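Residue-level structure breakdown
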Amino acid sequence: MMKGKMNDLHAFLIVAQEQSFTKAAARLGVTPSALSHTIRLLEERLGIRLLARTTRNVSVTEAGAQLMNAIRPLFEQIDIELNALSELRDSPRGTIRLSCTDDQIEIYIRPILNNFLQKYPDITIEIYVDYGFTNIVEERFDAGIRIGDDINKNMIAVRIGPDWRLVAVASPDYFKQHPKPLLPKDLSDHQCINIRHRAAGAIYAWEFKQDSHITSIKVDGQLVFNSTLHQLNAALDGMGIAYIPEHLAEPYIAKGTLQAVLIDYSPYFEGFHLYYPNRRQSSPAFMAFVEAIRYRFKEHHK
């Protein structure tokens, strides 16, 4: 009986977090109708309505919010203790869920991924590409990647890379048809490949260092992506100038398939950090990943 109650409460918690029976059912591995039936029986047993349902969404009632806030830390603690049991095994195991951008994957995660997975065959890494500054606690991610200044002070932050900068690049074919910009203001005469990090957000204004301070410049072009990798590909295809992380552009610059301009005007930013809440410290699998991706200053040069 107690196990059934725990399962029902866990099911309610997942629905409340996802605000969707379909999404919650996918996480739980059941059908939406079966999940709806479970929640209905739970509400009948408690004699109170926990969820407000419409044809489009699901939200918690006042009683549902009270219950969710009460049981969520308990289930999180259970997860922590279960993860801690992996210390008793021969090697760490478990699933690590990360939220980051695709260029961060290419620059920081991909180089260490193969060796890490071979060293820890019982660890699974799930990576979600996201440019929207997701709340990793609410979305149940173990960690995210951001610039140090953008990380909430109640998070633990581990530096994973050196200071970095964006560089303006385009293909040789593009520059055969258009003169290279000599000053940031010259970009107004070019097709610039923009990025909008969030659907409801503004297009990113390119930042350049001029007269010892940083100036933001809005550039125009026919292409706007929400992915740095697609900016890179469009630049390689000769569609315009992209402003992308230097580490991502370097291999193409070395091969001659991209050419960099305005280098002296590109400012450096603080290095990226892996950030996570305190509760993740007890997972051996997660801490093994932290050590693998941690930035070693002696091994890198800006």
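The sections below set out a description of the structure shown in this document. Computed from a prediction, not measured in an experiment: that's the story for all the values here.

Reading the values: the criteria
Residues numbered from 1 in each chain as written. Predicted model: local features only at pLDDT ≥ 70, side-chain atom pairs only at ≥ 80, totals over all residues. Heavy atoms only, no water. Pairing = 2+ DSSP bridges. Helix = DSSP H or I, 4+ residues; strand = E, 2+ residues; numbered from the N terminus. Axes fitted to C-alpha atoms, helices over the stretch in contact; angles between N-to-C directions. Contact = heavy atoms within 4.5 Å. Phe/Tyr/Trp six-rings, centres within 6.5 Å; stacked < 30°, edge-to-face > 60°. Buried < 20%, exposed > 50% of the residue type's maximum accessible area, 1.4 Å probe, protein only. Lys NZ or Arg CZ within 6 Å of the ring centre and 35° of its normal.

1. Section: the sheet that holds strand β5 (residues 143–147)
Spatial ordering of the open sheet is given by β4-β3-β5-β15-β6, a layout of five strands whose pairing is mixed. With partners counted over all chains shown, the strands left at the sheet margins are β4 (123–129) and β6 (156–159), one partner each. Ignoring which end each strand starts from, the neighbouring axes of this sheet average 30° apart. Sheet topology note: the strand β3 (residues 94–100)/β4 ladder contains seven bridges and is parallel. Bridged to cysteine 100 within β4 is valine 129. Along the sheet face, helix α5 (residues 102–119) touches β3, β4, β5 and β15 (272–276) and points at about 170° away from the line of β4. Relative to the sheet, helix α9 (residues 284–293) contacts β3, β4, β5, β6 and β15, its axis offset from that of β15 by approximately 170°.

2. Regarding the packing of aromatic side chains
What the rule picks out here adds up to 10 aromatic pairs. When the ring of phenylalanine 116 is compared with that of phenylalanine 289, the centres are 5.6 Å apart and the planes differ by 85°; the resulting orientation is edge-to-face. Of the two residues, phenylalanine 116 is situated in helix α5 and phenylalanine 289 in helix α9; the sequence distance between them amounts to 173 residues. Across the pair, exposure class does not vary: phenylalanine 116 and phenylalanine 289 are buried alike. Summarising the aromatic geometry, the rings of tryptophan 164 and phenylalanine 269 are spaced 5.4 Å apart at their centres and angled 40° between planes, so their arrangement reads as tilted. Taken together, the positions of tryptophan 164 in strand β7 (residues 164–170) and phenylalanine 269 in strand β14 (residues 268–269) put the pair 105 residues apart, joining distant regions of the chain. For the pair tryptophan 164 and phenylalanine 269, a shared accessibility class is recorded, and that class is buried. In this structure an aromatic cluster arises from ring pairing among Tyr108, Trp164, Phe269 and Phe272. Here the guanidinium or amino end of arginine 97 rests over the ring plane of phenylalanine 141, the centre of that ring lying 4.4 Å away. Lying across the ring of phenylalanine 175, lysine 180 places its NZ or CZ 5.6 Å from the centre.

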